[in-house]
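Here's the letter readout for the chains.
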Amino acid sequence: MNWLKAFNPSDIAGGMKLTGKRFRQVLFTANRRKVPMHFVAEYPEVKVKLAPRYRGRLTMIKDEQGEIKCVCCLACEKICPTQVITIIKGKKEGRKMPFPTRYDFEMERCIFCEFCVESCGFDSIILNHQFELATYNREDFSLGMEGSENMFENSAVGKFSVAE
Amino acid sequence: MPMTLTQTVVMALIQIVVLLAVIMAVVPIITFAERKVIGYVQVRLGATRIAGGHVGITGPINRAMWALGRVPVFSILRGLPIFMADGLKLLTKEDVIPEKADKLVFILAPAICMVPAFAVFAAITFFPGAEGLFTFPASFPIVGGLKFMGFLTDINVGLLYILGVASVGVYGIVLGGWASNSKYPLLGGLRSAAQIVSYEVPLSMSLLVPVLLVGSLSFRELSVKLATEMPLVAAVPLFLGFFFYLTCGFAETNRVPFDLAEAETELVSGFHTEYTGMKMGFFFLAEYANMIVVSAIAAAFFLGGHYLLPFGLQSQLIHALGAGHALNQPSILFFVGKVGFLLFVFLWIRATLPRYRYDQLMHVGWKFLIPVTLVNLFIAAAIKFVWM
Amino acid sequence: MFKNEEMEINLGPQHPSTHGVLRVKLRLDGETVTHCEPIIGYLHRGVEKICEDKTFFQGQVWTDRMDYVAAISNNLGWAESIEKLFGIEVPRRARYIRTMLTELNRISSHLLWLGTHALDIGAMTVFLYAFREREQILDLFEAFCGARLTTTAFRIGGLREDLPPGFLKQAQAFQDRFLACVDEYETLLTENRIWKKRTVGVAPISAEDCIAYGVTGPVLRAAGVAFDIRKAFPYAAYDEMEFDVPTATAADTYARYQVRVEEMRQSHRIVQQCIDKLPEGPVMAKLPKVLKSEVGEVYHAIEAPKGELGYYLVGEKGSGNPYRFHVRAPSFVNLQALPKMTEGKLLADVIAAIGTLDVVLGEVDR
């Protein structure tokens, strides 16, 4: 009597009921006035909230006097698994600690592991919350201390965002 | 009023143009509905914007659609312009013909697939009433004062014509798969050939139930009499036949759970892997037009067509309330609503069910559907013999 | 009169359902597979060799990129094998947090498997439903360590930081709705006649063959062997957890599906125990400033979502990096069984078999 089971549609009806229920729920709430039943973020217009520990792009920090906090201990350069950081030590007038004359960051190879921040004993670098890092030009990934692509502000590469 | 030859020709041309325009408009809307329905079922939003962002030509459209996202009911319509974008994309894509392909057959195949899918509509009755949908005003040149009927032709072998012409479409798929001279399309084409040949049989057999009950092959006569002149017991074979027919219809149109010819995760895209641009668009048009045909036949024969109640139950209502009652009047809205619901079922099923394997599909067709449709036919014959 | 030809077909490396860059060379007689040969190496990066040039601390980022859907399991194996090499005792709280995150990762890996496997067989909706829950788990990872996929979550000797505030509440919210979601997937699949037809009796491999090929994980357990490293050789905090090892006897695709779904429920149970019994204390052991190894070798295996994930490390005297590093990758070993499972079956069964083996090509090729 096994073939009689083929006439029992409960298995397919159960699935249809579930998908129908989801369809109904989303159909009536698919606008921004209602609490959404769907699980998508409408990305460029609405951005998801990032966790406080989010690992974005590497950024250098200045202290209250506008002075770069980095003292060229080279810990980040050593720990970096992909060797994307290059620091050249230098001196600056009126500053006891060494001062980085160059701090080069090759973002195209960066894997955002946060080892550099962890190794930094002076809290002079962080990973910020910027995740829109795509760009048309490879050169834009080479970040330094000067120029439009610098290590202190968010990079200008988030130019694909169309949010107004 | 007898029509002159000129009037007949002009009238037919008008009807053909209107019909084609409606199909061409409905098919893209179904593709849009497919995105939306499957999106909503999968707790996401489906298409809400068109490519290009908030700048340039697409800027105002996208901004308007973003604003529409706040409006409660109409937010479903977000992304509607995507069907125009789809069409534009297909038209402007580069038309690649593989070097080793059989060029003539490769070009012919989409047409062979699409022309029958559209030709089938000639025999479908959208509204059976003799008063037609509307009357042209007398001031109209040539066709002034004539009625615009709800069907193109009403040939007395309409159903045979539909079955015959619709099955020509499979040649397009097989030839397209073969002419591509590629391995996945070949497998897809062969699967499709075997599948459609097998499912023709139970499909015709399940359609024989209404034919037997009415004793006619004319689409219009069938759809009217099935709704209005059936005894109560006839609902049994019609009810069962509806599900058997729909199953076979899914297989005939290559839709999930029988989409083996395309089977994205197995055969990449099946028979149309090598097709680009509007040639692929033709295959799509044919598939969606076939969906409309299958839904229209199911709605007309099994779901009561232009009347309110399905499975011939309308005749009981006519007995109870009299033919003049408001609930017993035919309306094209009932028909359109039923076709629309069935098209929704197509998409709903697609979002829910997995896909059969090739041998299991054959198994279902030959070992299950053919016997049960035969039994159903026997029930219908018994009813015809005893009650009618 | 008729010429009988076999068709050779390349399934992949670009194909919708080979889960990355797997290439399977098939010889088809009609639709029947007469010969099946998986060809790998398209994603080879030399992870093992690279790690020999990196310090013990740095190597972890490459383990993220092996089985990228179960990065935390890989991190755990790496951290624990080095702790074993150096004899470091990890604080109890850190072990609990590691267990919790690893089990969440097992759920997310199984969800991805369920979604893609169902999608291969044609059920589209399960994919999105599974990703809905996976997204919540990834949010938890993001809250804990700042990344969703390549987590680099643990450190040698414990954790970098304690749990962020509100993490347990977020995890509990996930726990509360997850079981109902598993029922939802089961509604769509378990009893469905098409799903059963496509999976029952498909791609079988017996327990003897599994052991002969070295196949581990859910595939082995679905053949009736209750071998789970979490029970057999407990690590992290598994010796303090209560859970069952689900097994089945049918050894087919459907049995593997049932085993994995049940494993998700068991992982849910473990996570709940971790949340309830989470001890207080430090999360990092006392470590020397620089890790310099002695001569020694260590093999440490953990139960990754795909099977036995083993790390073999050889230490060199006074060196900060491993002298030799080898990964026993479960996907790589399990993939060997593919020809055995599919030869003589239909083309569609190959797709089901690739899906049910749950291979991740990042791990196969390394």
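Residues numbered from 1 in each chain as written. Chains lettered and ligands numbered in written order. Predicted model: local features only at pLDDT ≥ 70, side-chain atom pairs only at ≥ 80, totals over all residues. Heavy atoms only, no water.

1. Considerations on empty space enclosed by the protein
Residue and element names in this part refer to chain B. Within the structure shown, the criterion is met by seven cavities of 30 Å³ or more. Of the volumes computed, that of the largest cavity is approximately 330 Å³. Lining the largest cavity are 23 residues, and of these Ala-166, Glu-252, Thr-253, Asn-290 and Val-294 lie nearest its centre. Among the secondary structure elements, those contributing two or more residues to the lining of the largest cavity are helix 5 (158–166), helix 6 (169–179), helix 7 (183–214), helix 9 (235–252) and helix 11 (277–301). A total of seven residues in the lining of the largest cavity trace back to one element, the largest contributor, which is helix 11. Of the residues belonging to the lining of the largest cavity, the class tally is 15 nonpolar, four polar and four charged. (1 Å grid on protein atoms, 1.4 Å probe; cavity = no way out; pocket = protein on both sides within 12 Å on 5 of 7 lines; lining within 4 Å. Points joined across faces, edges and corners; volume = space filled by probe spheres on them. Helix = DSSP H or I, 4+ residues; strand = E, 2+ residues; numbered from the N terminus. Nonpolar A, V, L, I, M, F, W, Y, C, P; charged D, E, K, R; others polar.)

2. Observations regarding the packing of helix 7 of chain B against helix 8 (residues 219–228) of chain B
Residue and element names in this part refer to chain B. Put simply, helix 7 and helix 8 touch, their axes get as near as 10 Å, and they point 75 degrees apart. In terms of orientation, helix 7 and helix 8 fall into the roughly perpendicular class. Along its contact with helix 7, which presents Pro-210, Val-211 and Val-214, the element helix 8 presents Glu-221, Leu-222, Lys-225 and Leu-226. Grouping the constituent residues of the contact of helix 7 with helix 8 by class yields five nonpolar, no polar and two charged. (Axes fitted to C-alpha atoms, helices over the stretch in contact; angles between N-to-C directions. Parallel < 35°, antiparallel > 145°, perpendicular 65-115°, else oblique. Contact = heavy atoms within 4.5 Å.)

3. With respect to helix 8 of chain B
Listed as buried for helix 8 of chain B are B:Phe219, B:Leu222, B:Ser223, B:Leu226, B:Ala227 and B:Thr228. Looking at the buried positions of helix 8 of chain B, the neighbouring elements they touch are helix 5, helix 7, helix 9, helix 11 and helix 12 (314–321) of chain B. (Buried < 20%, exposed > 50% of the residue type's maximum accessible area, 1.4 Å probe, protein only.)

4. Considerations on the nonpolar core
Counting residues in hydrophobic clusters, the biggest one holds 223 residues, and the most contacted among them are B:Phe301, C:Leu26, C:Leu101, C:Leu104, C:Phe144, C:Phe167 and C:Leu189. With 15 residues, helix 11 of chain B is the single largest residue contributor to this core. Composition of this core by domain shows at least three residues from each of domain 1 (1–40) and domain 2 (58–143) of chain A. Not counting residues up to four positions away in its chain, the partners in contact with C:Phe167 are C:Met100, C:Leu101, C:Leu140, C:Ala143 and C:Phe144. (Core = buried A, V, L, I, M, F, W, Y, C linked by side-chain atoms within 4.5 Å. Domains from an automatic or database assignment.)

5. Focus on the sheet that holds strand 8 (residues 324–328) of chain C
All names here are of chain C. Taken together, three strands build an open sheet; the order of strands is 6-7-8 and the sheet is antiparallel. Among the strands making up the open sheet, the edge pair consists of strand 6 (296–304) and strand 8. Strand-to-strand twist across the sheet, computed as the mean angle between neighbouring axes with direction ignored, equals 10 degrees. Where helix 3 (residues 71–86) meets the sheet, it contacts strand 6, strand 7 (307–315) and strand 8, and its direction lies at approximately 150 degrees from that of strand 6. (Pairing = 2+ DSSP bridges.)

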